[in-house]
Amino acid sequence: MDVELRDLRLFMALVEDPHFSRAAASRRVSQPTLTRSLARLERALGVRLVERTTRSVALTEAGERLSAELAQILPRLDAAVRSVSAHPTLRLGFTWLLPAELVRRLLVGFERTAGGRIDLVRRDDRSGGVLSGQTDAAIVFGTVRRSESLRVVELGTQSRVAAVSRDHPLARRRRLHWAELADHPLVVNAVSGTVGPTMWPASARPEVAVSCRTYDEWIAMVAAGRGVGVLPESAREQPHPGVRYVTIGDAPPVSLLLVLPTRAAHPLVGALEELAVTAAREAPPAS
């Protein structure tokens, strides 16, 4: 059976995000390349893995079985290859934001003490790519559910800022109260964001103006004035020309988490955890 590993990985990209253009972009290939890869895999296996319509992508029964097996096998394969590499590289995932000083300390410290290199990998999912095996560990904001597959270490917390377009009425303010945001429509990142309307009392909740799947869509909608967004304080380190960040004095803090796999872990993930905890403790707070 002539099955290529690359085709299996591209199939899993489509499993993780059942949208051809987004799945292709996540693997840095074109949509036609992904389509040809899937067709080649289906020919080799002699079964249809995906049912496609103009609006949706759904796995067939065979596709479901294959994806369940690959979710276990591919991370183990990656771990085996990395364990014997003379130049160990650890893939550190993130969703849309990383505290700059924390990352600097990790990159420098990991190379110096562990003898390896960290590659930063952006993945727009709640676990930063750890659950799917696309990354070896991840640093994310928000909440990640602990499970048999995931271990979560809290590195600290941050305050939050409101993100508004430059011509929004709130852009003239220097400080806001959390309750004030209930009067303004929200732009929500439904996949990896940290804020939703249920964080406000049921009697005074903001409406959701736009629900996005990626940070890029989210920041574009905020800049266009479609609504107000909320981010961790570290957002100030990555300014956007169309967005102003305003302090929210009494916002609930957001957790900064290190997400680790419980199985088939990278051999240097323990060294990363120790460095991350130390770096988070020593790094100055976001300002």
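Here the structure is a predicted model, which is why all the values come from computation and not from measurement.

Assigned secondary structure in the protein consists of seven helices and 13 strands. Computed over C-alpha atoms, the radius of gyration of the protein comes to 21 Å, within 12% of the 19 Å expected from 2.2 N^0.38 for 287 residues, which places it in the range of a compact globule. Taking the principal axes of the C-alpha coordinates as reference, the protein spans close to 65 × 50 × 35 Å. Considering the protein as a whole, with its 287 residues, one finds that 48% of them fall into the buried category. In the form shown here, the protein has an accessible surface area of approximately 14500 Å², with 52% of it arising from carbon and sulfur atoms. Between the mean site of the 38 positive side-chain charges and the mean site of the 31 negative ones, the protein shows a separation of 3 Å.

Pairs of packed helices are described in terms of their axes, by the angle between the two and the distance that separates them. Where helix α1 (residues 5-16) contacts helix α3 (residues 31-45), the axes come no closer than 9 Å and their chain directions differ by 115°. With respect to each other, α1 and α3 are oriented roughly perpendicular. Viewed along their axes, α1 and α3 form a crossing whose handedness is left-handed. On α3, the residues that touch Arg6, Asp7, Leu8, Leu10, Phe11 and Leu14 of α1 are Thr33, Leu34, Ser37, Leu38, Arg40 and Leu41. Looking at the contact of α1 with α3 residue by residue, the classes come out as seven nonpolar, two polar and three charged.

Here the focus is unusual backbone geometry. Look at Arg28: it is not a glycine, yet its phi comes out positive at around 60°. Mapped onto the secondary structure, Arg28 falls in the loop between α2 (20-26) and α3.

Here the structure, examined in full by the defined rule, presents four aromatic pairs. With centroids separated by 6.2 Å and ring planes inclined at 15°, the aromatic side chains of Trp96 and Phe141 adopt a geometry described as stacked. Of this pair, Trp96 sits in the loop between β3 (89-94) and α5 (100-114) while Phe141 sits in strand β5 (residues 137-141), and the two are 45 residues apart along the sequence. Both residues of the pair, Trp96 and Phe141, belong to the buried class. On the numbers, 6.1 Å between centres and 15° between planes, the contact of Trp96 with Tyr215 is stacked. Of this pair, Trp96 sits in the loop between β3 and α5 while Tyr215 sits in helix α6 (residues 215-223); the two residues are 119 residues apart in sequence, bridging distant segments of the chain. Chaining the aromatic ring pairs together yields one cluster made of Trp96, Phe141, Tyr215 and Trp218.

Where burial is concerned, most of β3 is hidden: six out of the six residues are buried. Burial along β3 is two-sided: the residues Thr89, Arg91 and Gly93 and Leu90, Leu92 and Phe94 are all buried. Looking at chain direction, β3 and strand β4 (residues 117-122) are connected through six bridges and run parallel. Paired with Leu92 across the bridge in β4 is Leu120. The parallel pair β3 and β4, bridged by α5, forms a crossover whose chirality is right-handed.

Okay, the pairing of strand β9 (residues 186-189) next. Burial along β9 is two-sided: the face carrying Leu186 and Val188 and the face carrying Val187 and Asn189 are both buried. Note: β9 against strand β10 (residues 208-212), four bridges, orientation parallel. Within β10, the residue paired with Val187 across the bridge is Val210.

What follows is about the side chain of Gln158. As for its position among the elements, Gln158 is in strand β6 (residues 150-158). Of note is the side chain of Gln158, whose polar atom sits 3.2 Å from the backbone nitrogen of Glu233. At a separation of 2.6 Å, a polar atom in the side chain of Gln158 contacts the side chain of Ser234.

Attention now moves to the side chain of Ser37. Mapped onto the elements, Ser37 comes out in helix α3. In this structure Ser37 comes out as buried when scored by relative accessible area, which is 1%. Those residues in contact with Ser37 that lie beyond four places of it in its chain are Arg6, Asp7 and Leu10.

Right, let's get into a nonpolar patch on the surface. Taken together, the side chains of Leu5, Leu77 and Val81 present a nonpolar region at the surface, about 240 Å² in accessible area. Turning to its location among the elements, Leu5 is positioned in helix α1. Judged by its relative accessible area of 38%, Leu5 is partly exposed.

Each value, and the rule that gives it
- Residues numbered from 1 in each chain as written.
- Predicted model: local features only at pLDDT ≥ 70, side-chain atom pairs only at ≥ 80, totals over all residues.
- Heavy atoms only, no water.
- Helix = DSSP H or I, 4+ residues; strand = E, 2+ residues; numbered from the N terminus.
- Rg over C-alpha atoms; globule rule 2.2 N^0.38 Å.
- Buried < 20%, exposed > 50% of the residue type's maximum accessible area, 1.4 Å probe, protein only.
- Areas by Shrake-Rupley, 256 points an atom, 1.4 Å probe, with all protein chains shown as cover.
- Lys, Arg positive; Asp, Glu negative; His and termini not counted.
- Charge placed at Lys NZ, Arg CZ, Asp CG, Glu CD.
- Axes fitted to C-alpha atoms, helices over the stretch in contact; angles between N-to-C directions.
- Parallel < 35°, antiparallel > 145°, perpendicular 65-115°, else oblique.
- Left-handed = near helix turned anticlockwise from the far one by under 90°.
- Contact = heavy atoms within 4.5 Å.
- Nonpolar A, V, L, I, M, F, W, Y, C, P; charged D, E, K, R; others polar.
- Phe/Tyr/Trp six-rings, centres within 6.5 Å; stacked < 30°, edge-to-face > 60°.
- Pairing = 2+ DSSP bridges.
- Right-handed = clockwise from strand over helix to strand, strands pointing away.
- Polar contact = N/O pair within 3.5 Å; in protein donor to acceptor, adjacent residues only side chain to side chain.
- Patch = residues over 30% accessible without salt bridge, like charges linked within 9 Å, V, L, I, M, F, W, Y side chains within 5 Å.
- Salt bridge = Lys/Arg side-chain N within 4 Å of Asp/Glu carboxyl O.

This is a description of form; function is not addressed.
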